[in-house]
Amino acid sequence: MSTITQVAAHQILDSRGSPTVEVHLALDNGMVVTAPAPSGASIGKHEAEEKRDHQMASYMGLSVQQAIASVNQILAPALVGKDPLAQGELDQLMIGLDATPNKSKLGANAIIATSIAIAKAGATVSNLPIYQYIAKLSNNPKPLLCPTPMFNIINGGLHGTGNLDIQEFMIVPAHRLAYSQALEIGDEVYLNLKEVLVKKALLTSVGDEGGFTPTLFTNASALDLIFEAAKAAGYNMGQDAFIALDVAADQLKHGDKYFLKDSSETYSAQALINFYQNLIAKYQVLSIEDPFAEDDWAAWHELKATIGSGALIVGDDLTVTNPQRVQQAIAEDAISALIVKPNQIGTISEALQVVDIARQAGLTIIVSHRSGETEDTFIADFAVGVGADYFKGGAPARGERVAKYNRFIEIEAQLATKTA
Ligand code: PGA
Ligand code: ZN
């Protein structure tokens, strides 16, 4: 048996320049693994709590020294001497040491970085690539495959300049394609989109996830631009590629109404359903994520009942990778797909439990990065290991996004030699 000999955290920066936790975990065989915590901007109310210091004199209040102290002073002494293969047991140990419902005592950022480090250590001592080790932990019965990427090529909402209300406008290559073909389609549409924007004298600066942030009159016109780019790249929308949206509608709700710049009138839940129906019909929309706010259950159900199998209804802020929230969404028939982000819940074991619940309910599984990322690629391995259908990783630009897309190229090549 291998044992953990040291666990130590320190503060590094993420892709927004915000401090985050990185954990170094050493084993008695001399190997060391590192794991950083990602971070969201549009954080669901029901997510596990990321601990920040809120001392304005240090990194504008964003430093994470308390979370680092949680790792060094509380988690490390409990984990040293333990077997890294005991993922479930060690995650439970950390949950017990925190003992709050939302991991607010030690911080979900402290716990997830440590949980990921344990998983990486488990892969190392098992002599397996991380994706294969995750597949074992997850009891994934399917042959391993890279998921279909969803490229967020126009950034609005909290990730953009504040001009577009919808947070993510994504291009999704057809599900039947091999990963490398899908990557080429997504990238060529992205490159052509830049040319389309330049020709129209629109901004080509990028947002938090690497997508462009043009100033436009309506959200729907962002979709017209993507259609133009896809055509210029030689692709047929609805055949070679589709649109996916993340509305992140919590940000659009004021009182019981929703605000979108596409109309001068406010939207009732029913008016928003009509708006979505029109978008689905006109723009080959494959999926709509967070179409309503995180507690607007009745509207979610109504949308799903109206749209049927016309498009995937995706829970993110609604479900927050939380087993209870996911079970509630299934019981209320509110979703047909869900986002899995391990840091929303705080341990790998609980994220795997969510995947299991989703798989049994026949939901489409979308594993996702966060808008605040590092160059770490664990999430790509996690997506392959659990057998995700899709992967959200931002645009094929900005180093921290490209790192994940490039990791899939490596995995695809490894899987091909296995089956050859
Ligand atoms: P976040 O956004 O990482 O800023 O929460 C991603 C999403 O909403 O899917
Ligand atoms: Zn989302």
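In what follows, the structure referred to is the one given above.
What comes next is a walk through the structure. Remember, predicted model here, so these are calculated numbers, not experimental data.

1. Re the nonpolar core
Inside soluble globular proteins, nonpolar side chains tend to come together where they are buried.
Here comes step 1: Val189, Val367 and Phe382 are the most contacted members of the largest nonpolar core, which has 125 residues in total.
Here comes step 2: With residues near it in sequence (within four places) discarded, Val367 still touches Val340, Ile379, Phe382, Ala383, Val386, Ala388, Tyr390, Phe391 and Lys392.
Here comes step 3: In this structure, Met170, Val172, Ala244 and Leu312 belong to the second largest nonpolar core, which totals eleven residues.

2. Side note on the coordination of the zinc ion (ligand 2)
Here comes step 1: Those donors, Asp246 (OD), Glu289 (OE) and Asp316 (OD), are the protein atoms that reach the zinc ion (ligand 2), and they lie 2.1 Å from it.
Here comes step 2: Taken in sequence order, the residues that donate to the zinc ion (ligand 2) follow the motif D-x42-E-x26-D. Taken together, the positions of Glu289 in strand E9 (residues 285-289) and Asp316 in the loop between strand E10 (312-315) and helix H9 (323-331) put the pair 27 residues apart, joining distant regions of the chain.

3. Details of the site of ligand 1
Here comes step 1: Of all residues adjacent to ligand 1, which total 14 residues, the nearest are Ala41, His159, Arg370, Ser371 and Lys392.
Here comes step 2: Note that an oxygen atom of ligand 1 is positioned 2.7 Å from one of the side-chain N or O atoms of Arg370.
Here comes step 3: Isolated, ligand 1 exposes 280 Å² of accessible area, and the fraction of that covered by the protein chains is 100%.
Here comes step 4: Across the shell around ligand 1, the residue classes tally to one nonpolar, five polar and eight charged.

4. Brief notes about the sheet that holds strand E1 (residues 4-13)
Here comes step 1: The strand order across the open sheet built from three strands is E1-E2-E3, with neighbouring strands paired in antiparallel fashion. In this open sheet, the two strands that pair with only one neighbour each are E1 and strand E3 (32-36). Adjacent strand axes in the sheet meet at a mean angle of 20° when their direction is disregarded.

Basis of the calculations
Residues numbered from 1 in each chain as written. Chains lettered and ligands numbered in written order. Predicted model: local features only at pLDDT ≥ 70, side-chain atom pairs only at ≥ 80, totals over all residues. Heavy atoms only, no water. Core = buried A, V, L, I, M, F, W, Y, C linked by side-chain atoms within 4.5 Å. Buried < 20%, exposed > 50% of the residue type's maximum accessible area, 1.4 Å probe, protein only. Contact = heavy atoms within 4.5 Å. Donors = N, O, S within 2.8 Å, 3.2 Å for Na, K, Ca; no water. Helix = DSSP H or I, 4+ residues; strand = E, 2+ residues; numbered from the N terminus. Near = heavy atom within 4 Å. Polar contact = N/O pair within 3.5 Å; in protein donor to acceptor, adjacent residues only side chain to side chain. Areas by Shrake-Rupley, 256 points an atom, 1.4 Å probe, with all protein chains shown as cover. Nonpolar A, V, L, I, M, F, W, Y, C, P; charged D, E, K, R; others polar. Pairing = 2+ DSSP bridges. Axes fitted to C-alpha atoms, helices over the stretch in contact; angles between N-to-C directions.

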